[in-house]
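Chain by chain, the residues run as shown.
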Amino acid sequence: MTTLPLVAPALRTRRRRNRLRVLLYLSPGLVGFAVFLIYPLAMTVWLSFTNSNMFSPAQFVGLRNYRFMLDSDPQLWQAVRNTGWLVVIMVPAQVLFALGVAMVTARLKAGAGLFRTLFYLPALAPPVAATVAFVCLFNPASGPVNHLLGLFGIQGPLWFDSPTWSKPALTLLSLWGSGTVMVIFLAALLDVPAEQYEAAELDGANPWQRFRYVTLPAISPVVLFASVTGVIAALQYFTQAVVAANVANGSIQAAPGYPDGSTMTFPEELYTAGFNQFHAGYACAMAVVLFVVAMACTLVLLRRASGYDPQHTQESPL
Amino acid sequence: MSPHRAARSRARRRKVLVWIAQHAVAVGLACAFIGPIVFVLLTSVMTDQQSLSSQLWPRHWQWSNYTAVFSTAPFGTWLLNTVVYAVAATAAMLLSSIPVAYALARFRFKGRNTAFLAVITMMMLPPQVLVIPMYLMWARLHLTGTIWPLVIPSLFGDAFSVFLLRQFLLTIPEDYLNAARVDGCSELKVLTRVVLPMMRPAVVAVALFAFFNAWNDYYGPLIYTGETPSHWTLAVGLASFKTSHAVHWNLTMAATVIAMAPVILVFLFAQKAFIEGVTLTGVKG
């Protein structure tokens, strides 16, 4: 009883010093969070209800931007369809391909390190450089890809110049650069305990059953993680689409989405509305839609990851 | 030969065949992954005429393409801008993100989980969501047309780096830090003298990721320097190279090599840190 009043003030100053220290260490992050996230996010939402044109004062127009988006912007729907194509076809292709390559790499006895390096290398190439290289590589006239196909008697398509083949060509580009996902899968595969495979083999499981009942359950959190981050990346797909269209068309004045709007993505539509046509209010309405979809994906990821508790962090991908 | 030994040699032959099949697939994949890079290198030294044909091997090695790139476009300026952007952004990020990650991993305080959730949210947020207000903000500060809007945000922490550093810091046993504290180290000394040397691999990894992200960034420089070619970075310059200079593929590929080479060379020297960084977080920025 008598010691309590003596200790309490010392404890209180220590607590206060602790709190100050936490604030000090966190301050760059807190300022960044307020200035580069909360403020612009609030502004995006506000501007989406205005007719802002970037520079003169904005007027409140209610839901007009959203109604225009739903009713009368045909170009937007093409962009939505293209982005949807990327989400539904490109992302699963990339995840499956990376998983396949990781499984081959995991089994290698000789030169596993070298192969891993070679497979990862393209993932580092600057997206602009990789895209320019692919447009040249898939050039219908002089590119080696169609030349190679010709050796097998196949008439190669026009790739980046064909509305049908432009997105598959971009998908090949993304497969080429999928080394990051591959490395993540590889780490997960090497973490699966060997005893589990031995036990399954003793029980007479064939390779497919071993994959289905041992590998897949063990790596499923990583598959989910790769899929969700892949979807978020597909939602912001911009650089490769824009650069491929410009370089393939050969003119800086080309209509965006060349050929025939087939590479026009949602973020590109947003960029065009905001920075070419100065319809900032409308672009912000698109940004709000993008925000909602991206956050929904993040929520799925957080729900499934077994929490962000420090004790469990090593096991969960987050 | 006894049936037992026959079965054993059959098993051994099967093992060898599987070994060959697996490595054949791996070699095939390696060719597919490295092929485009080799193709770019070869095309970059071809003559104008040959680069328009479908021949793969340069008949005449025209190394002057690399100097021609610098004389047909302000490539030197773009290269310099890119280096400045990447170095400044990386340094600023390290200065701000390390303390934030340390606090998130090592201090107990109310709202720590919420703060970490905020970091993940920022990491997952497409840049397009915030770009219009951000552009207006920098325009009001008269900083559009420069690389400052790209560098300054790094001074206030980078979500991906904070995330990666925090994950690494959690793996350092608390005992080390307590030993230093018992010896009378202040918290700042614990961070700089004990923790920082131990987290060198993670710091190298985030520094490389930040550097390459800035080097590879197209969206940011396009938005903020789009109208001012003298402030462009390599990514923006390269994207417009083929179209605005009406040059041939050989020069475009030489320019592509110049944009790719630093990244690939640095990676080859610092592979371990890189791969560790990727597997530690499961993500690249």
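Scoring rules and cut-offs
Note on numbering: residues in each chain are counted from 1, in written sequence order. Here the convention is simple: chains get letters from A, ligands get numbers from 1, in the order in which they are written. pLDDT decides what is reported in this predicted model: residues at 70 or higher carry local features, side-chain atom pairs at 80 or more are listed and counted, and totals for whole chains, interfaces and linings draw on all residues regardless. Each side-chain value is derived from all of the structure's non-hydrogen atoms; neither hydrogens nor water enter the calculation. Lining residues are those with an atom within 4 Å of a point, where the points come from a 1 Å grid over the protein atoms alone and group into cavities, where a 1.4 Å probe fits but cannot get out, or pockets, open sets with protein on both sides within 12 Å along at least five of seven lines. Grid points are joined across faces, edges and corners, and a volume is the space filled by probe spheres set on the points. Helical segments are the DSSP runs of H or I of at least four residues, strand segments are the runs of E of at least two, and each set is numbered from the N terminus. Classification used: nonpolar for Ala, Val, Leu, Ile, Met, Phe, Trp, Tyr, Cys and Pro, charged for Asp, Glu, Lys and Arg, polar for all others including Gly. The rule is simple: take the accessible area with a 1.4 Å probe, protein chains only, and divide by the maximum for that residue type; under 20% is buried, over 50% is exposed, in between is partly exposed. By the convention used here, residues are in contact when the closest approach between their heavy atoms is within 4.5 Å. Each Phe, Tyr or Trp ring, with Trp reduced to its six-membered ring, pairs with another whose centre is within 6.5 Å; inter-plane angles below 30 degrees give stacked pairs, above 60 give edge-to-face pairs, and intermediate values give tilted ones. Placement of a charge over a ring requires the Lys NZ or Arg CZ to be within 6 Å of the ring centre, with the centre-to-atom vector within 35 degrees of the ring normal. Across the chain, each position has a pLDDT score giving the predictor's confidence in that residue, from 0 to 100. Note: buried area is the sum, over both parts, of the accessible area (probe 1.4 Å) each one loses when the two are combined. What makes a salt bridge here is a side-chain nitrogen of Lys or Arg within 4 Å of a carboxyl oxygen of Asp or Glu, nothing more. Any pair of N or O atoms that falls within 3.5 Å is considered a polar contact. Within protein, one atom must be able to donate a hydrogen and the other to accept it, and sequence-neighbouring residues count only if both atoms are side-chain atoms. Under this scheme, a helix contributes an axis fitted over its contacting stretch, all axes are lines through C-alpha atoms, and angles between N-to-C directions fall in the 0 to 180 degree range. Any angle that falls under 35 degrees is termed roughly parallel, while one over 145 is termed roughly antiparallel, one within 65 to 115 roughly perpendicular, and all others oblique.

(A) Representation of the layout of surface pockets within the structure. When its volume is computed, the second largest pocket comes out at roughly 1,100 Å³. Surrounding the second largest pocket, 23 residues form its lining, R107, K109, E201 and R210 of chain A together with Q22 of chain B being those nearest its centre. The set of elements that each furnish at least two residues to the lining of the second largest pocket consists of α3 (74–107), α8 (179–191), α9 (194–202) and α10 (207–235) of chain A together with α1 (3–43) of chain B. Looking at the lining of the second largest pocket element by element, the count peaks at six residues for α1 of chain B. Among the residues making up the lining of the second largest pocket, the classes are represented as 14 nonpolar, two polar and seven charged.

(B) Examining the environment of M90 of chain A more closely. Residues and elements named next belong to chain A. Checked against the element boundaries, M90 lands in helix α3. A residue is classified by how much of its surface remains accessible, and M90, at 4% relative accessible area, is buried. Along the sequence, M90 and A241 sit 151 residues apart, while their C-alpha atoms lie 13 Å from each other. In contact with M90, other than residues within four places in its own chain, are W85, L170, T171, S174 and Y237.

(C) Here's a closer look at the packing of aromatic side chains. Evaluated as defined, the whole model comprises 35 aromatic pairs over all chains. On the numbers, 5.1 Å between centres and 75° between planes, the contact of Y25 of chain A with F107 of chain B is edge-to-face. In this pair, Y25 of chain A sits in helix α1 (residues 4–47) while F107 of chain B sits in the loop between α4 (75–106) and α5 (112–124), so the two residues belong to two different chains. Of the residues examined, Y25 of chain A reaches a relative accessible area of 7% and is grouped as buried. In textbook terms, an aromatic cluster arises when at least three aromatic residues are bridged by ring pairs, as seen for F238, Y271 and F275 of chain A together with Y135, Y218, Y219 and Y224 of chain B. Over the aromatic face of Y213 of chain A sits the side chain of R212 of chain A, whose NZ or CZ is 5.1 Å from the ring centroid. Stacked on the ring of F116 of chain B, the Lys or Arg R166 of chain B has its end atom at 3.6 Å from the ring centre.

(D) Structural context of the confidence of the model for chain A. Model confidence for chain A is summarised by a mean pLDDT of 88, while 92% of its residues fall at 70 or above. Across residues 307–318 of chain A, confidence stays below pLDDT 50; counting only partners more than four residues off in sequence or on other chains, it has 26 contacts.

(E) How the structure looks around the interface of chain B and chain A. Facing the 96 residues of chain B at the interface are 95 residues of chain A. Here chain B and chain A share an interface that buries about 8,400 Å² over both sides, 80% of which is from carbon and sulfur atoms. Per-residue buried area on chain B facing chain A is highest for F33, M124 and I132 of chain B; these three make up 9% of the total on that side. Put simply, chain B and chain A have one salt bridge between them. A salt bridge links E187 of chain B to R21 of chain A; the shortest N-O distance between them is 3.9 Å. Inspection of the chain B/chain A interface yields seven residue pairs in polar contact (both at pLDDT 80 or more). Here the side of chain B that touches chain A gets 15 residues from one element, more than from any other, and that element is α1 of chain B. Along the lines of polarity and charge, the residues of the side of chain B that touches chain A split into 70 nonpolar, 20 polar and six charged.

(F) Representation of the packing of helix α4 (residues 112–124) of chain A against α8 of chain A. Residue and element names in this part refer to chain A. As a packed pair, α4 and α8 sit with axes 7 Å apart at the nearest point and diverge in direction by 140°. It follows that α4 is oblique to α8 by the angle criterion. Every residue of α8 that contacts α4 at R116, F119, Y120 and A123 is listed here: G179, T180, M182, V183 and L186. Class assignment for the residues of the contact of α4 with α8 results in six nonpolar, two polar and one charged.

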